[in-house]
Every structure is written in structure tokens, then in C-alpha cells.
Amino acid sequence: IWPDFSWEDARIAALDALSRGAEAQAARWSVFEKSLSSKHLRDHLKRLPDFEDVIAEEKALDYAEKVKSALSALSFLVAWPALDRAAKIVLARHGELDGNHYELLSLAADALAGKYPLAATLVLRAMIDYCLTNSKTSRYKHAARHLLECSSLAATISDYGSHSDHNVYETRLRREHGKKTSFWNLIS
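Calculation rules
Residues numbered from 1 in each chain as written. Predicted model: local features only at pLDDT ≥ 70, side-chain atom pairs only at ≥ 80, totals over all residues. Heavy atoms only, no water. Helix = DSSP H or I, 4+ residues; strand = E, 2+ residues; numbered from the N terminus. Polar contact = N/O pair within 3.5 Å; in protein donor to acceptor, adjacent residues only side chain to side chain. Contact = heavy atoms within 4.5 Å. Phe/Tyr/Trp six-rings, centres within 6.5 Å; stacked < 30°, edge-to-face > 60°. Buried < 20%, exposed > 50% of the residue type's maximum accessible area, 1.4 Å probe, protein only. Lys NZ or Arg CZ within 6 Å of the ring centre and 35° of its normal. 1 Å grid on protein atoms, 1.4 Å probe; cavity = no way out; pocket = protein on both sides within 12 Å on 5 of 7 lines; lining within 4 Å. Points joined across faces, edges and corners; volume = space filled by probe spheres on them. Nonpolar A, V, L, I, M, F, W, Y, C, P; charged D, E, K, R; others polar.

1. Remarks on the side chain of R93
As for its position among the elements, R93 is in helix 6 (residues 83-93). Polar side-chain contacts of R93 include one of 3.4 Å to the backbone oxygen of E65. Sequence-distant contacts of R93, that is, excluding residues within four places in its chain, are made with E65, V67, K68, S69 and A70.

Below, the structure written as C-alpha cells:
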């Protein structure tokens, strides 16, 4: 659930009405830092002079990359959009991606697939691994689609770095989850 910023927004509006713009700006930035609220960041940036907004945006994106929750960082960077930074988060922190957050991860995979196929693949794998490891049979159809997407993306990935290529990944899935025939029947 997205946080309710009613109190913060009322405070910011009051500060603006009292011509306390610097305090209102500080409050906007504070809300952004606490929640990665793109609305508050956009409001902050549009009130800055030319070129200062570019510097502040870079500072905000740097901040977002370093937040504790990889999912929060990924969500913000995909929505902003700063897909290069979102891909960087995935590549550096893929082990932190909770595949149960399929709404966010599906959007991220779709957004990243065009220019960042390895990052998209790692996001898809997080959802597949979560589904199969936890025997989420209601999600098998989606996991099968994700595995097929990984197969399709594999043709566009020239370097997997330290990650296993698609064939090795699928072989591992078959070894670890081969008895989940209701899943594998969706693949063939």
C-alpha cells in the first residue's frame, strides 16, 4: 500500500502559503528520502532554478540506488524512469529480489527487456524461483510464461557475466523441480 502523505502535503502547502519556500523544499526532499516518492521529488525539482534541477535529480537517483530495499529502489527507478540505474540495481542486488512481489517485478522485467535483457532475465528468474521453490501452483502459468520470456531474451544476451546462461538455468530448474509436472506441462 502506498503511504498516505496527507499530513506532509498539508505541511508543505502551509509552508508555501507562508512564503517559507526553503522549508517547503526541505520537507519535499525529506518525504522523498523517507519514501522514494516520485511526486515529492518532481515537485522539489520543478521549483529549482535551471541546471540545479539536473544536479538535484542526479543526487536523488544516486540516493535511490543506495536505499536498503532493493525492491524499493527498483520500483522507483523503473517508474522514474532511470532504466540504466534500475538495471544496475538488478545486476548488483538480484539476490535481494523477492519473487513474491510479482506486480512490481513484472513491470520491471517488461521495462528492462528492450535495452537490458540480462537484468530483465534476472528479474524473471526471481519470480520463477519463488514460484517453484514455494510450490505456488496458482502462479505456474505465469512462471512458465516467464521461463519462455527468459528463453527468448537469451538470444539477445551476449555475456551473462557471473550468472548462468539460460540452458544451465533451465537444467537446474528441471533437476530441482522436475517432479512439478503441472509446471513443466505448460512449457512444452
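2. A closer look at the packing of aromatic side chains
Evaluated as defined, the whole model comprises six aromatic pairs. With a centroid separation of 5.9 Å and 55 degrees between ring planes, the pair formed by F32 and Y63 is classed as tilted. With a gap of 31 residues between them, F32 in helix 2 (residues 21-35) and Y63 in helix 4 (residues 52-65) connect regions that are remote in the sequence. Classification of F32 as buried rests on a relative accessible area of 0%. Aromatic ring contacts, followed pair by pair, group W29, F32, Y63, F76 and W80 into a single cluster. When the ring centre of W80 is taken as origin, the NZ or CZ atom of R42, which lies over that ring, is 3.9 Å away.

3. Section: the environment of G99
Looking at the element boundaries, G99 is found in the loop between helix 6 and helix 7 (102-113). Taking the C-alpha atoms as reference points, G99 and D129, 30 residues apart in sequence, are found 7.1 Å from one another. Contact partners of G99, with chain neighbours within four places excluded, come to L105, A126, M127, Y130 and R139.

4. A look at the layout of surface pockets
Here the second largest pocket is characterised by a volume of approximately 210 Å³. When contributions to the lining of the second largest pocket are tallied by element, the ones reaching two or more residues are helix 8 (117-133) and helix 10 (166-177). Examining the composition of the lining of the second largest pocket, we find that five residues originate from one element, helix 8, more than from any other. Tallied by class, the residues present in the lining of the second largest pocket amount to five nonpolar, five polar and three charged.

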